[in-house]
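Architecture and fold: a report
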Amino acid sequence: MSQWITICRIDDILPQTGVCALLGHQQVAVFRPHRDEQVFAISNIDPFFEASVLSRGLIAEHDGELWVASPLKKQRFRLRDGKCMEDESHSVAHFDARVKDGQVQLKA
């Protein structure tokens, strides 16, 4: 049975940025693309370099979808599902995320 795990307060994540959190033993990049309470979560590991950097990537919009560009070589990962724009075989895990009572939560 999965449960929601509180990661941080929504105010701990500045709009248009991401943070790294631990969900069990997994590094998760949590993004807040706008000033509202919408959040997204994908793996923090860049699969091209096996580096923990995606939470520091740039959030951008392309064809109506939100993506994060890796700070290393700028490969883009879609926030809603972790799909890699440049090479689908390098897509990353996606995690259900929500804000409840001002707290960012991920589904474990």
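Note that the structure is a prediction, hence the values are computed from the model and not measured. Throughout this description, residue numbers start from 1 for each chain and increase along the sequence as written. Given that the model is predicted, a residue must reach a pLDDT of at least 70 before its local features are reported, and side-chain atom pairs must reach 80 or more before they are shown or counted; all residues, however, enter totals for whole chains, interfaces and linings. Water and hydrogen atoms play no part in the side-chain values, which are based on all heavy atoms of the structure.

1. A short note on the environment of Leu22
Only DSSP runs of H or I covering at least 4 residues are called helices, and only runs of E covering at least 2 are called strands; the numbering of each starts at the N terminus. Tracing the chain through its elements places Leu22 in strand β2 (residues 17-23). Relative accessibility decides the category of a residue: with a 1.4 Å probe and only protein chains considered, values under 20% of the type maximum give buried, values over 50% give exposed, and everything between is partly exposed. Note on Leu22: relative accessible area 58%, which makes it exposed. C-alpha separation for the pair Leu22 and Ile7, spaced 15 residues apart in sequence, amounts to 8.1 Å. Apart from the residues within four sequence positions on either side, Leu22 is in contact with Ile7 and Gln27. Should any heavy atoms of two residues lie within 4.5 Å, those residues are counted as being in contact.

2. With respect to the nonpolar core
Among the nonpolar cores identified, the biggest contains 12 residues, and these are Cys8, Ile10, Ile13, Ala21, Leu23, Val28, Val30, Val39, Ala41, Phe95, Val104 and Leu106. Of all the elements in the fold, those that place two or more residues in this core are β2, β3 (26-32) and β12 (103-107). If we ignore the near neighbours within four places in the chain, the residues touching Val39 are Ile10, Phe31, Arg32, Ala97, Arg98, Val99 and Val104. Ala29, Phe40, Ile42 and Leu79 belong to the second-largest nonpolar core, a separate cluster that totals 11 residues. Side-chain atoms within 4.5 Å link the members of a nonpolar core, which is a set of buried Ala, Val, Leu, Ile, Met, Phe, Trp, Tyr and Cys residues.

3. Concerning unusual backbone geometry
Unlike most non-glycine residues, Gln16 shows phi in positive territory, near 70 degrees. With respect to the helices and strands, Gln16 occurs in the loop between β1 (4-9) and β2. Judged by its relative accessible area of 60%, Gln16 is exposed. The phi dihedral of Lys74 falls on the positive side, at around 70 degrees, and the residue is not glycine. Mapped onto the elements of the fold, Lys74 is located in the loop between β8 (65-69) and β9 (76-78).

4. Some words on the UniProt feature "domain: Rieske" (unreviewed entry) in the protein
UniProt positions are given in the numbering used here, feature names are shortened, and annotations may be inferred rather than shown by experiment. When the UniProt feature table is mapped onto this chain, "domain: Rieske" (unreviewed entry) is found at residues 5-106. Between the end C-alpha atoms of residues 5-106 there is a gap of 5 Å, over a span that is 0% helix and 49% strand.

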